[in-house]
Amino acid sequence: MKALVCGAGGFIGSHMVKRLIREGYWVRGVDLKYPEFSPSEASDFIQGDLRNQQLCDQVFHLDGEPIHYDEVYQFAADMGGAGYIFTGENDANVMHNSALINLNMVERCVQHGVGKVFYSSSACIYPARNQVDPNNPLCSEDTAYPADPDSEYGWEKLFSERLYGAFLRNYGLNVRTARFHNIFGPEGTWEGGKEKAPAALCRKVIQSARAGEIEVWGSGKQTRSFLYIDECIEGVRRLMNSDVTEVINIGSEEMISINGLAELISEMSGKGISIKNIPGPEGVMGRNSDNRLIQELLSWQPSEPLRAGIERTYAWIEQQVAAATAAAV
Ligand code: NAD
């Protein structure tokens with residue numbers, strides 16, 4: 001089996017490469033960059049820009065001959081955490097870059113008769129009006145319309161969901177689409193402005209002195225759920241192995257406030273850290289995965305407690321911080 005992983009230098013893509021290799025696939029990775037934290041395990045890796053038509057053509061050839069992919073995983077996107085998506089400063093790039101990648105890829109997948117293609121959408125497509133109450137967000141798949149995402153990132157994801165859906169209907173492209181809800185874990189970005197809440201909070205706690213204070217954006221009352229990377233990959237593989245062409249959530253239903261997450265990490269560290277809420281991008285007030293559809297269609301849903309994944313992530317970020325500190329001395 002041959003697979004192409006777009007975004008193979010990123011967090012989820014690099015984990016998917018490892019999983020597919022373990023399952024015996026020949027895997028080609030493509031990304032602007034190589035994975036940051038460990039060498040790619042891909043059988044073949046092309047460093048290049050998927051906005052570029054020629055590069056996309058190159059990706060579908062090997063030694064001058066067209067290559068047939070049984071599966072394509074499309075994870076490449078211009079994205080980051082709240083500090084990247086909700087400030088407004090990156091809106092044009094986020095929309096333009098990710099839409100171009102998807103326009104190029106969906107066309108190539110049809111031209112080259114790809115067996116199946118996975119598209120990674122996001123919980124950010126859900127309407128802002130259903131995510132006002134932190135204790136009662138509504139994110140079942142059928143509530144996506146009338147559309148009103150709270151970010152341009154969400155609008156691009158919705159456009160691309162529809163793009164892949166249209167290619168499925170008009171060209172018979174065998175598409176699987178999932179809406180990811182806050183995926184986290186080792187080898188995810190942990191500093192630099194594109195990191196998400198779990199990694200940012202782990203880093204802040206690790207870098208804080210005993211009985212110190214960390215800053216948390218917004219009121220801290222906004223709720224989210226977070227899914228550990230291994231369960232995300234498991235969900236995608238199950239979806240790819242199924243006949244399910246409906247767009248489904250892949251996320252955890254264990255909802256927690258952002259302050260609650262900070263407290264969990266503080267408690268885990270044993271440092272007795274206190275929280276200071278400061279103005280900052282916070283997104284919608286409540287969001288949680290709704291797993292009724294995935295359970296019904298795949299007879300499976302993520303089940304690992306948040307704490308277990310946070311423990312592993314905390315330990316990994318602790319190593320990164322120690323290595324960065326040692327390198328700076
Ligand atoms: P990531 O930023 O780590 O990975 C995306 C990769 O795409 C990066 O390595 C980046 O270099 C690459 N890329 C960007 N522009 C490119 C281009 N023009 N050509 C080639 N490569 C390019 O993000 P991730 O967390 O691994 O997310 C993977 C996918 O899942 C993305 O589409 C993202 O929107 C989606 N998603 C992620 C989450 C999450 O919580 N991580 C949640 C919802 C949706």
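Quantities reported herein were computed from a predicted structural model and do not represent experimental measurements.

Criteria and cut-off values
- Residues numbered from 1 in each chain as written.
- Predicted model: local features only at pLDDT ≥ 70, side-chain atom pairs only at ≥ 80, totals over all residues.
- Heavy atoms only, no water.
- Helix = DSSP H or I, 4+ residues; strand = E, 2+ residues; numbered from the N terminus.
- Expected span 1.5 Å × (residues − 1).
- Buried < 20%, exposed > 50% of the residue type's maximum accessible area, 1.4 Å probe, protein only.
- Contact = heavy atoms within 4.5 Å.
- Pairing = 2+ DSSP bridges.
- Axes fitted to C-alpha atoms, helices over the stretch in contact; angles between N-to-C directions.

Caption draft 1: Layout of helix α1 (residues 11-22). A rise of 1.5 Å per residue sets the reference length of α1, with its twelve residues, at 16 Å; its end C-alpha atoms lie 17 Å apart and thus fit the reference within 8%. With respect to burial, α1 is a largely interior element, nine of its twelve residues being buried. By the burial criterion, the buried members of α1 are Phe11, Ile12, Gly13, Ser14, His15, Met16, Val17, Arg19 and Leu20. The elements touched by buried residues of α1 are β1 (2-6), β2 (26-31), β6 (71-74), β8 (175-180), β9 (183-184) and α7 (229-240). Where α1 terminates, the next one or two residues include Gly24, which has phi positive at roughly 95°.

Caption draft 2: Here's a closer look at the pairing of β8. β8 sits mainly inside the fold: six of its six residues count as buried. Every second residue of β8 is oriented toward a common face, with Val175, Thr177 and Arg179 on one face and Arg176, Ala178 and Phe180 on the other, all of them buried. Taken together, the six bridges between strand β7 (residues 116-122) and β8 define a ladder with parallel strand orientation. By the bridge assignment, Ser120 is partnered in β8 with Ala178. In this structure, β8 lies alongside strand β13 (residues 248-250), joined through three bridges in parallel fashion. Note that in β13 the partner of Phe180 across the bridge is Ile250.

Caption draft 3: Structural view of the sheet that holds β8. The seven strands are arranged β3-β2-β1-β6-β7-β8-β13 in an open sheet whose pairing can be described as parallel. Only two strands of the sheet have a single partner each, and these edge strands are β3 (44-47) and β13. Averaged over neighbouring strand pairs, the angle between their axes works out to 20° when direction is ignored. Packed on one face of the sheet, helix α4 (residues 91-111) meets β1, β6 and β7 and runs near 175° to β6. Together, β6, β7 and β8 form the strand contacts of helix α5 (residues 152-171), whose direction differs from that of β7 by roughly 155°.

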